[in-house]
Amino acid sequence: MRTKQVNLLITLVAVALFSFSCFCIYRITQTHNRLINCRNHILEFKENMLHLRNKTEKNSQEMMKVLNRIKYEITKRENLSGNLVAQKADILNKNETISNTFEDLKFFFPHIRKEGRIYPDVIIGKGKTGVSFALGISTVNRGNYSYLKQTLTSVVSRMTLSEEKDSIVIVSVADSNEDYLHSVVKMITRKFKRQVRSGSLEVISIPAFLYSSMLNAKHLAEASQKLASWRIKQVLDFCILMLYAQPKAKYYLQLEDDIIAKEMYFTKITDFVGNISSNNWFFIEFSMLGFIGKLFRSEDLTHFVRFFLMFYKEKPIDWLLNDIFQVKVCDTGEDLGNCIKRKKQIRIRYKPSLFQHVGIHSSFPGKERYEKDVYY
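If you're wondering where the values come from, they're calculated on a predicted model, not measured in any experiment. Residue indices begin from 1 for each chain and proceed along its sequence in written order. Selection of residues for local features in this predicted model requires a pLDDT of at least 70, selection of side-chain atom pairs for listing and counting requires 80 or more, and totals for whole chains, interfaces and linings are taken over all residues. As a rule here, side-chain values come from all non-hydrogen atoms in the structure, and water together with hydrogens is ignored.

Each Phe, Tyr or Trp ring (for Trp, its six-membered ring) is paired with any other whose centre lies within 6.5 Å, and the angle between the two planes then decides the class: stacked below 30 degrees, edge-to-face above 60, tilted in between. Taken as a whole and judged by the stated rule, the model has 22 aromatic pairs. Aromatic side chains phenylalanine 291 and phenylalanine 308 sit 6.2 Å apart centroid to centroid with 80° between the ring planes, which places their arrangement in the edge-to-face category. Taken together, the residues span a long stretch of sequence, with phenylalanine 291 in the loop between strand S7 (283-285) and strand S8 (294-297) and phenylalanine 308 in helix H11 (residues 301-310) at a distance of 17 residues. Every member of this aromatic cluster is reached through a ring pair, and the members are Phe238, Phe282, Phe283, Phe291, Phe296, Phe304, Phe308 and Phe325. The side chain of arginine 297 reaches across the aromatic face of tryptophan 281, ending 4.1 Å from its centre. Segments assigned H or I by DSSP are reported as helices when at least four residues long, segments assigned E as strands when at least two residues long, and all are numbered from the N terminus. Note on criteria: charge over ring means Lys NZ or Arg CZ within 6 Å of the ring centre, with the direction from the centre no more than 35 degrees off the ring normal.

Counting rule for disulfides: a pair of cysteine sulfur atoms within 2.5 Å. By the definition in use, this model includes one disulfide. In this model cysteine 330 forms its disulfide with cysteine 339; the gap between the sulfur atoms is 1.3 Å. Buried means the residue's accessible area, taken with a 1.4 Å probe over protein chains only, is under 20% of the maximum for its type, while exposed means over 50%, and partly exposed covers the values in between. Exposure remark for cysteine 339: the relative accessible area of 2% places this residue in the buried category.

With that settled, the discussion passes to the pattern of salt bridges. Basic side-chain nitrogens of Lys or Arg form a salt bridge, by our definition, when they fall within 4 Å of a carboxyl oxygen of Asp or Glu. Applying the stated criterion across every chain yields a total of twelve salt bridges. For glutamate 263, the salt bridge identified is with arginine 158, shortest N-O distance 3.4 Å. In this pair, glutamate 263 sits in the loop between strand S6 (259-261) and helix H10 (265-275) while arginine 158 sits in the loop between helix H5 (148-157) and helix H6 (161-165), placing the two residues 105 residues apart along the sequence. Here glutamate 164 and arginine 194 are joined by a salt bridge, their closest N and O atoms 2.7 Å apart. Separated by 30 residues along the polypeptide, glutamate 164 in helix H6 and arginine 194 in helix H8 (residues 193-198) bring together distant segments of the chain. Three or more residues are tied together by salt bridges with common partners; here these are Glu285, Lys294, Arg347 and Arg349.

In this description, a nonpolar core means a group of buried Ala, Val, Leu, Ile, Met, Phe, Trp, Tyr and Cys residues linked to one another through side-chain atoms lying within 4.5 Å. By size, the foremost hydrophobic cluster in this structure holds 49 residues, and its most contacted members are Phe296 and Phe308. For this core, the elements supplying multiple residues, two or more each, are helix H4 (105-108), strand S2 (131-139), strand S3 (167-173), helix H9 (222-245), strand S5 (249-256), H11 and helix H12 (317-329). Sorting elements by how many residues they give to this core places H9 first, with eleven residues. Leaving out residues up to four positions away in the same chain, phenylalanine 308 has contacts with Val235, Cys239, Met242, Phe291, Ile317, Leu320 and Leu321. Contacts are assigned to residue pairs with any non-hydrogen atoms lying within 4.5 Å of each other.

Most of H11 is tucked away, with seven of its ten residues classed as buried. Restricting attention to buried positions, one finds in H11 the residues Leu301, Thr302, Phe304, Val305, Phe307, Phe308 and Leu309.

Here lysine 351 and proline 352 are connected by a cis peptide whose omega angle stands at 0°. For proline 352, the position within the fold is in the loop between strand S9 (347-349) and strand S10 (355-357).

A cluster of like positive charges, contributed by Lys126, Lys186, Arg190, Lys193 and Arg197, occupies part of the molecular surface. Broken down by secondary-structure element, the contributors of at least two residues to the positive patch are helix H7 (178-191) and H8. Among the structural elements, lysine 126 can be located in the loop between strand S1 (121-124) and S2. The exposed category is assigned to lysine 126, whose relative accessible area is 55%. Surface patches are drawn from residues lacking salt bridges whose relative accessible area is over 30%; two like charges belong together within 9 Å, two nonpolar side chains (Val, Leu, Ile, Met, Phe, Trp, Tyr) within 5 Å. Under the convention used here, a 1.4 Å probe and the Shrake-Rupley method define accessible areas, while residue burial counts only the protein chains that appear. His is not counted, nor are the chain ends, whereas Lys and Arg count as positive and Asp and Glu as negative. Charged groups are reduced to one reference atom each: NZ for lysine, CZ for arginine, CG for aspartic acid, CD for glutamic acid.

In a beta sheet, neighbouring strands pair by backbone hydrogen bonds and run either parallel or antiparallel. By definition, two strands form a pair when at least two bridges between them are found by DSSP. Here eight strands make up an open sheet; going across it, the order is S1-S4-S3-S2-S5-S8-S7-S9 and the pairing mixed. Whereas interior strands pair on both sides, the edge strands pair on one side only; in this sheet they are S1 and S9. Going across the sheet, the axis of each strand differs from the next one's by a mean of 25°, ignoring polarity. Bridge analysis of S7 against S8 gives three bridges, and the strand direction is antiparallel. Across the sheet, residue phenylalanine 283 finds its bridge partner in S8, namely phenylalanine 296. Only the stretch in contact is used when a helix axis is fitted, and all axes are lines through C-alpha atoms; the angle between N-to-C directions ranges over 0 to 180 degrees. Across the sheet, helix H13 (residues 336-346) lies against S7 and S9, angled at about 65° from S9, the strand it touches most.

Structure representation (structure tokens):
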């Protein structure tokens, strides 16, 4: 009996030990699995951190690129429209002839004699000179209507690369509205990047003080006074643009901001000028309308400008262009037929016209113009 009790006790102890061992093995296995899971979580976390670091570095690199691009754009904008006084001084120091030419304005306009050197603000420009042709385009704000982009696209795109290299297009913003100036600069720097980079396209702005007290026509009625002031300002706009362009090229071509040019117009102008047998011409008309498409020798521009400034309050500039021939060519009491004959020898007309007027809404507020060159 006692032996049975001992055996039962031994069995119970064995069972208890076995159960405890199983329990320990189970807990050890469970702990091991947890350790494995923990290790896997750590490895996954480490991998995620590594991925996040790589992504952060990539984002940082992209951000640096963006910041550098912003810095570049800011620097470029500052170069285009920053310290205009410094730009003017630099250009004037390089070419004293320009400054002396603009000094002539003080003779005609006493109110600017107290000013320092007179010169337009150069907004976009690399001082390009020594080319064959300078093309001048004066532009003003027409409110909701603008033809300048169309005009420039036509003028620039219809040049060959070699012709572009041997010329310069100058856009003169003759408007005190700074928003318009900024819109012109923005359009040109986006649309005509190559020409801006090469210096073949410039933008200048005429300081408002040049017009002070020049535009009064008080003896006229209010409506007539506004029209007269607009015409007076237009003459001054062209004169200042001519003076600026004069030292840059051998020839100066006057255009407007609401025209289109024919295909190969530049090639045709170059060939025509090169084949003229007589060197006695005064100017060449490549359009019959107004002041569009008039080609001058740059060396003659000062004489034209001085004549225009003497009578700038009297007539529109294209009318003054006719008067200058009457003064320079026709003698007092001379037969009109002889005078007209000599005019044709020095005022040459090219046909068909190479430029067409497309603007309807005039730069004079509220006025519409439907003029077309019938020879185009």
